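# Observations on the three-dimensional arrangement
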Amino acid sequence: MKHRIGYACINLTTGIPLNRTCRLANASGEKFRELIQSNLSGLKEVLEWNKANNIRLFRISSDTIPFASHPVNKVEWWKDYKNELDDIGLFIKDNDIRVYMHPSPVVYLNSPDTKIVDNSIKELEWHVKFLDSLNLDYTHKIVFHAGGAYGNKPEAIKRFVKVYNDLPENFKNRLTLENDDKIYNVWDLIKINDSTGIPLVFDNLHHEVLNIDKPEDKNIEAIMKKFFSTWDEKSGLPDIHYSSQKENARAGSHSDAVNLESFAEFFLKYYHLDFDIIFETKNKEKSVLAVYEMFKTDKRFEGLDAL
């Protein structure tokens, strides 16, 4: 398939648990071990289901290892669950699946508070360690947002650049940066990339919500080409996030399901570009399956290597 199409974190069709967590008040070593074992088992099962349904792109939940960057979790999961991690990683590689992770909004590399920056790096660190523990190459990524503006976006960008450029090389080999719908638009990210080289991930809905309201915002192909040019061979195929706006909801709210007609128009218009697509919809894999069905039945897709 020219474009992998995937979804994030939860499989609604099977209901397989793969991101079980607990409250901090109930945390214990025994509880963490129970949750990690369950989550890794569930992850393998969902990846097997994805393979059977020709879905080869998946976002792994950050809850797979609960409280992984918090001092309360003292489990050396990368050692204690090495066999399970090796098995999952081998399955991913053998079946040409691509995975990535998306840390929670607690990652603020550009905070003026050094403690917040240190905690943000710790959060990224365990995600890097998780993908490394699966023995995956650097085409399997971690995507995150630039952070806050703190009343002075140019200075916040400078802080981001300094912190990012000081990160270990194995961090930078895993990281990608996504435009958001509140602070950092695609043009901000291009400036950040100019000073860091970090690969950029385009989110269509975020761009619709947050842009500079100028004609260049409408040239989606030019924007995607610029974003895609930030990826090198080591990073693999660029990926984008695609979703539809939920009706009668806050701007930027993801719809329950992808709008098939809007996606068909988007897919056909940019099919000639090379990129993977993650759906950010509430109904998860069901949107992917609905699009696959459309590919098979809609004559507009005849002759395209869509499936």
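All values reported here derive from a predicted model rather than from experimental measurement.

### Notes on unusual backbone geometry
A positive phi angle, near 60°, is found at N54, a position not held by glycine. With respect to the secondary-structure elements, N54 resides in the loop between α1 (29–52) and β2 (57–60). Overall, the relative accessible area of 32% leaves N54 in the partly exposed class. Phi is positive for N135, close to 60°, though the residue is something other than glycine.

### Here we look at the nonpolar core
F130, F263 and F295 are the most contacted members of the largest nonpolar core, which totals 84 residues. It is α1 that provides the largest number of residues to this core, a total of eight residues. Residues contacting F130, with those up to four places away along its chain left out, are L40, L43, I60, T64, I65, W77, L85 and M101. Counting residues in hydrophobic clusters, the runner-up holds six residues, among them L57, Y100, V143 and W231.

### Quick look at the pattern of salt bridges
One pass over the full model with this rule turns up 23 salt bridges. Salt-bridge contacts for R59 lead to E280; the nearest nitrogen and oxygen are separated by 2.5 Å. Residue R59 is found in strand β2, and its partner E280 is found in the loop between β8 (276–279) and α11 (285–297); the two are separated by 221 residues along the sequence. Judged by its relative accessible area of 10%, R59 is buried. On the basis of relative accessibility, which here comes to 10%, the residue E280 falls in the buried class. D188 is the partner of K153 in a salt bridge, and the nearest nitrogen-oxygen pair spans 2.8 Å. Of this pair, K153 sits in helix α5 (residues 153–165) while D188 sits in helix α7 (residues 186–196), and the two are 35 residues apart along the sequence.

### A few points about the environment of D213
For D213, the position within the fold is in the loop between α8 (204–209) and α9 (220–228). Look at D213 and you get exposed, because its relative accessible area is 71%. In sequence terms D213 and F279 are 66 residues apart; their C-alpha atoms lie 25 Å from each other.

### Let's talk about the packing of aromatic side chains
Scanning the model with the defined rule gives 21 aromatic pairs in all. Each ring, one from F295 and one from F301, has its centre 4.9 Å from the other, and the planes form 55°; the classification is tilted. An identical accessibility class is assigned to F295 and F301; each is buried. Among the aromatic residues, those joined into a ring-pair cluster are Y242, F263, F266, F267, Y270, Y271, F279, Y292, F295 and F301.

### A word on the packing of α7 against α9
It is the contact of α7 with α9, at a shortest axis distance of 11 Å, that shows an interaxial angle of 25°. If you check the angle between α7 and α9, you find them roughly parallel. For α7 against α9, the interelement crossing comes out left-handed. Residues V186, W187, L189, I190 and D194 of α7 lie in contact with α9, whose contacting residues are I223, K226 and F227. For the contact of α7 with α9, the per-class residue count stands at six nonpolar, no polar and two charged.

### Digging into the pairing of strand β3 (residues 98–101)
In β3, alternate side chains face the same way, and those of R98 and Y100 on one face and V99 and M101 on the other are all buried. One ladder, built from four bridges, connects β2 with β3; its direction is parallel. By the bridge assignment, R59 is partnered in β3 with Y100.

About the criteria used
Residues numbered from 1 in each chain as written. Predicted model: local features only at pLDDT ≥ 70, side-chain atom pairs only at ≥ 80, totals over all residues. Heavy atoms only, no water. Helix = DSSP H or I, 4+ residues; strand = E, 2+ residues; numbered from the N terminus. Buried < 20%, exposed > 50% of the residue type's maximum accessible area, 1.4 Å probe, protein only. Core = buried A, V, L, I, M, F, W, Y, C linked by side-chain atoms within 4.5 Å. Contact = heavy atoms within 4.5 Å. Salt bridge = Lys/Arg side-chain N within 4 Å of Asp/Glu carboxyl O. Phe/Tyr/Trp six-rings, centres within 6.5 Å; stacked < 30°, edge-to-face > 60°. Axes fitted to C-alpha atoms, helices over the stretch in contact; angles between N-to-C directions. Parallel < 35°, antiparallel > 145°, perpendicular 65-115°, else oblique. Left-handed = near helix turned anticlockwise from the far one by under 90°. Nonpolar A, V, L, I, M, F, W, Y, C, P; charged D, E, K, R; others polar. Pairing = 2+ DSSP bridges.

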